[in-house]
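# Structural characterization, general
Chain by chain, the residues run as shown.
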Amino acid sequence: MAKHDGRFVWHELVTDAQDKARSFYPELFGWKLNPMKMADGSEYPLLSAGDVPIGGFMAPPKAGVPPHWVGYIAVDDVDATAKKVASAGGKSLMDAFDVQGVGRIQPVSDPQGGVVMLFKPAGDSPAASGNGSFHWDELWAADASAALAFYEQAFGYEHDSMDMPTGKYYVLKRGGTPCGGLMQRPDAKVPHMWLSYVEVADCDRTVKQASGRGASQLGETMEVPGVGRFAILRDPLGAVIGVIRPAKG
């Protein structure tokens, strides 16, 4: 298994309001924003936690796509994984493409509509850690059992299960390494979606700061022993993102 195969190694905010995103996120999470020139001459708003690149902002592929965060799962072979996704009942949202110096990418959807990006990095993908890094990704599934079967078949995940205040929680693993989580969505009104969490030093303070900058909190702040204290935010653009202060130890 490649070092990061099966892990979420990159995150992008899909939005056509990048000016608003630039004024909200870097200051809230302490991210560095470094515009990067691409091979085609375009400029990519690159985000870094410390000195480690973690993601960026991307324009939507077509009009009408609501703002949202999307995660990139590192795989050994994008094309082969896309075939496994299709065999398991998912679908490719567009053909795979190569970005010079970055890698090969293909957006895919699970059978219930959850979107991830398949990603074969052109080089190493150093993992950021600590405040400002993406700490975790979890799927809020319309049908958790069906979703679990799909991701195990398409990505070769195994799983551990644990009881959470919201019900059964599945930890997706590759080679014993946790890669993400999966749970039944708490309410039928909640869309089937992947949710990304950013690590912060103080969850409550971050929620307060975000609210003061135009975000709103969804639900209550929760604390789970052994996991941490976390909350879910809707940013001023309408995208949903989680924040977490991980448990010590």
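Right above here is the structure, for reference.
In short, a report on the structure. (Residues numbered from 1 in each chain as written. Predicted model: local features only at pLDDT ≥ 70, side-chain atom pairs only at ≥ 80, totals over all residues. Heavy atoms only, no water.)

### Structural notes on the pairing of strand β15 (residues 216–224)
By the bridge criterion, 6 bridges tie β15 to strand β16 (residues 228–234) in an arrangement that is antiparallel. Bridging from a neighbouring strand, Leu 218 pairs with Ile 232 of β16. Two successive antiparallel strands, β15 and β16, enclose a turn made up of 3 residues, where Gly 226 displays a positive phi of approximately 85°. (Pairing = 2+ DSSP bridges. Helix = DSSP H or I, 4+ residues; strand = E, 2+ residues; numbered from the N terminus.)

### Remarks on the packing of aromatic side chains
The relative placement of two aromatic rings is captured by the distance of their centres and the angle of their planes. For the coordinates displayed, the defined rule picks out 16 aromatic pairs. Taken together, a centroid distance of 5.7 Å and an interplanar angle of 15° make the contact between Tyr 151 and Phe 155 stacked. Remark: Phe 155 and Tyr 151 occur in helix α3 (residues 144–155); sequence separation between them is 4 residues, near one turn of the helix. Classification of Tyr 151 by relative accessible area gives buried; the value is 1%. Exposure remark for Phe 155: the relative accessible area of 7% places this residue in the buried category. (Phe/Tyr/Trp six-rings, centres within 6.5 Å; stacked < 30°, edge-to-face > 60°. Buried < 20%, exposed > 50% of the residue type's maximum accessible area, 1.4 Å probe, protein only.)

### Focus on the sheet that holds strand β10 (residues 134–141)
With respect to topology, 8 strands assemble into an open sheet ordered β11-β12-β13-β10-β14-β17-β16-β15, the strand pairing being mixed. The sheet is open, and its two borders are formed by β11 (158–164) and β15, each paired with just one other strand. With strand direction ignored, the average angle separating the axes of adjacent strands in the sheet is 25°. Pairing analysis gives 7 bridges linking β16 to strand β17 (residues 240–246), with the strands arranged antiparallel. Within the sheet, the bridge partner assigned to Gly 228 lies in β17 and is Pro 246. Sheet contacts for helix α4 (residues 203–212): β15, β16 and β17; angle to β16, the most-contacted strand, approximately 10°. (Axes fitted to C-alpha atoms, helices over the stretch in contact; angles between N-to-C directions. Contact = heavy atoms within 4.5 Å.)

### Notes on the packing of helix α2 (residues 78–87) against α3
For the pair α2 and α3, interaxial distance at closest approach is 8 Å and the crossing angle is 150°. Considering how the two elements wind past one another, α2 and α3 form a crossing that is right-handed. Between α2, through Thr 81, Lys 84, Val 85 and Ser 87, and α3, the contact on the second element is made entirely by Phe 150, Gln 153, Ala 154 and Phe 155. (Left-handed = near helix turned anticlockwise from the far one by under 90°.)

### So, the packing of helix α1 (residues 18–29) against α4
Relative orientation of the contacting elements α1 and α4 amounts to 160°, with a least axis distance of 11 Å. Relative to α4, the element α1 lies roughly antiparallel. Viewed along their axes, α1 and α4 form a crossing whose handedness is right-handed. Of the residues in α4, those in contact with Phe 24, Leu 28 and Phe 29 of α1 are Thr 206, Gln 209 and Ala 210. Broken down by class, the residue content of the contact of α1 with α4 amounts to 4 nonpolar, 2 polar and no charged. (Parallel < 35°, antiparallel > 145°, perpendicular 65-115°, else oblique. Nonpolar A, V, L, I, M, F, W, Y, C, P; charged D, E, K, R; others polar.)

### Side note on α3
Taking 1.5 Å of rise per residue, the 12 residues of α3 would be expected to cover 16 Å, and the 16 Å separating its terminal C-alpha atoms lies within 8% of that figure. Those residues of α3 lying buried are Ala 144, Ala 147, Leu 148, Phe 150, Tyr 151, Ala 154 and Phe 155. Along α3, the residues classed as buried sweep out an arc of 165° about the axis, all on the same side. For α3, the capping residue at the N-terminal end is Asp 143, with a side-chain oxygen 3.3 Å from the backbone nitrogen of Ser 145. (Expected span 1.5 Å × (residues − 1). Arc of directions from axis to C-beta. Polar contact = N/O pair within 3.5 Å; in protein donor to acceptor, adjacent residues only side chain to side chain.)

### Some points on the nonpolar core
Among the nonpolar cores identified, the biggest contains 26 residues, and Tyr 151, Phe 155 and Leu 182 are the most heavily contacted of them. Those elements that provide at least two residues to this core are α2, β9 (115–121), β10, α3, β12 (167–174) and β13 (177–184). With near-sequence residues (within four places) excluded, Tyr 151 lies in contact with Asp 110, Gly 114, Leu 139, Gly 156, Tyr 157, Leu 182 and Trp 194. Membership of the second largest hydrophobic core comes to 25 residues, among which are Phe 29, Trp 69, Phe 134 and Ala 210. (Core = buried A, V, L, I, M, F, W, Y, C linked by side-chain atoms within 4.5 Å.)

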